[in-house]
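Residue-level structure breakdown
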Amino acid sequence: MKRFLLVCFLVSTFLHAQERLGEWKALTSILNVRDVICTEEAIYAATGGGIFQIKDEQYSTYTTIDGLNGVDLSCLTLDHQSNLWIGGDAPFGFLQVYDLKNNSSIASFDFGLTSIIDIQINGMLAWALFQDGIDVGFMKFIFDGQWEYRDSYSNYPEGSGKINCFTISDSIVFLGMENGLYAASINDNMKDPNNWTKKLIDFNEEITSIQSNENRIIFTTNTSIYEYNLSNDILNEIDFTYELTNARNLNVTPQGYWFSDNENLYLKSNDIDLLIDDRFEITSISHQSGQFIAGLTSGILFINENVGVYTASRLVPNSPATGSFSAITILEDGRLVGGSGHGISIFNGVGWRNILEIKTTGSMAIQTDYDFNFFIGDTVEYDFGEYIADLEQGPDGLVYCAIRGSRVFSSNPPRWSGGVIVLDVDDPTNISVIDTTF
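None of these values were measured; they are calculated from a predicted model. (Residues numbered from 1 in each chain as written. Predicted model: local features only at pLDDT ≥ 70, side-chain atom pairs only at ≥ 80, totals over all residues. Heavy atoms only, no water.)

**Thoughts on the packing of aromatic side chains**
All told, the structure shown has 30 aromatic pairs when counted by the stated rule. Measuring from ring centre to ring centre gives 6.4 Å for tryptophan 85 and phenylalanine 109, while their planes differ by 15°; the resulting arrangement is stacked. Of this pair, tryptophan 85 sits in strand β8 (residues 84–88) while phenylalanine 109 sits in strand β10 (residues 104–113); the two residues are 24 residues apart in sequence, bridging distant segments of the chain. Of the two residues, tryptophan 85 and phenylalanine 109, neither departs from the other in class, the shared state being buried. A centroid spacing of 5.4 Å and a plane angle of 20° characterise the contact between phenylalanine 219 and tyrosine 226, whose relative ring orientation is stacked. Each residue in the set Trp85, Phe109, Phe111, Phe141, Phe143, Trp147 and Tyr149 is aromatic and connected to the rest through ring pairs, giving one cluster. (Phe/Tyr/Trp six-rings, centres within 6.5 Å; stacked < 30°, edge-to-face > 60°. Helix = DSSP H or I, 4+ residues; strand = E, 2+ residues; numbered from the N terminus. Buried < 20%, exposed > 50% of the residue type's maximum accessible area, 1.4 Å probe, protein only.)

Right, here's the structure in full:
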């Protein structure tokens, strides 16, 4: 049985925590959600601009101002004391334990790693999958009054390939590898490659995500989903309606198996193959009390179930289009303007507005009413080149953008550009180009 649903934007039930001009804190882009978890009290997302929190229909952001070691984050989870474990994305792969009640750092581990890929807590043990240059391994931490580092493991049998994912079942660590499923007991010397065994001898496919559930190991490859029964060592491929090309982000729930395939979100259960498609790539999946939440490369997707019918809504929070500005300036009225290859972002103390280049033909849109609780993006048929090298406000009040890597005209979609793009931040239709012709 298939059921489809309509994806729509959330109505204005969320209130944005605002900053005042002259009282700026850290201004980051929280659009790109890399990981998301939810509790009874709140939702937490690791983003490219810090921790994004939704609580009591209000949202806020934790950044370095609040004690985080960095804001470019990859993953997060909660430990037995409800403290947040945070992993840094490349190139700063730090680990941090953060007290959400007191907004303070409890512990920090910096081993000079490239990135932290995943964190899992198993009682008084914490495990972190990491990348160190081109090598991938995992670390163990133990709680003995406080969290302490114990060891790291990065030696595996020849031919196993690199680690993509892992899960812990009782005292066994299962690794989803490039060339199959491997396991070792945590009581053995996991530094010795000989203590890792290949659980499925004739199975050599790359495992992309994995989760343990009672006496079963469920995992995805790029094109399939499998269930491995630990009691009888039987592997079953799960029949599925849809064709898959990049399956990952597996999350096992009482309703069935949720997983993603690029912009598609799937639920596989005994009586349903459910497809939810979105405009943005799905990066993570979480659930709590019947609500399912997916992190996106631009925002968060909420899925609610009512008597077997699923409905979805998307939150794209108010944010600049990117946190990587190549130029900034302060206007005479105190507003901040940041520029990048996407366009410009304007912060007025209440929230962000973005004036961006179009990405697809016919997508130009200029809004007249702005709701600063959500993402605001006007689009124009102009190309901001590789990046904006400089921003200046002219005596006429307009903003002059010096374009690096400009093309006078490009097609698909059609966009005009030049050495300098001149625009009115309050009226995006008032835009012009200066090029070498003049």
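After presenting the structure, the write-up continues.
**Structural notes on a negative patch on the surface**
Residues Glu40, Glu41, Asp56 and Glu57 make up a contiguous surface patch of negative charge. In this fold, glutamate 57 is placed in the loop between β5 (50–55) and β6 (58–62). The exposed category is assigned to glutamate 57, whose relative accessible area is 51%. (Patch = residues over 30% accessible without salt bridge, like charges linked within 9 Å, V, L, I, M, F, W, Y side chains within 5 Å. Areas by Shrake-Rupley, 256 points an atom, 1.4 Å probe, with all protein chains shown as cover. Salt bridge = Lys/Arg side-chain N within 4 Å of Asp/Glu carboxyl O. Lys, Arg positive; Asp, Glu negative; His and termini not counted. Charge placed at Lys NZ, Arg CZ, Asp CG, Glu CD.)

**What to know about the environment of valine 33**
Along the chain, valine 33 turns up in strand β3 (residues 33–38). According to the relative accessible area criterion, valine 33 is buried, its value standing at 1%. For the pair valine 33 and phenylalanine 52, spaced 19 residues apart in the sequence, the C-alpha separation amounts to 8.6 Å. With sequence-adjacent residues up to four places away left out, valine 33 is seen in contact with Ala45, Ala46, Thr47, Thr283, Gly295, Leu296, Gly299 and Ile300. (Contact = heavy atoms within 4.5 Å.)

**Points about the sheet that holds strand β41 (residues 427–434)**
Here we have four strands laid out as an open sheet, ordered β36-β37-β40-β41, and antiparallel in their pairing. Either end of the sheet is taken by a strand with one partner, and the two such strands are β36 (387–393) and β41. Averaged over all adjacent pairs, the angle separating strand axes in this sheet is 25°, with direction ignored. Pairing geometry for strand β40 (residues 420–424) and β41, over five bridges, is antiparallel. Bridge pairing in β41 links leucine 423 to isoleucine 431. (Pairing = 2+ DSSP bridges. Axes fitted to C-alpha atoms, helices over the stretch in contact; angles between N-to-C directions.)

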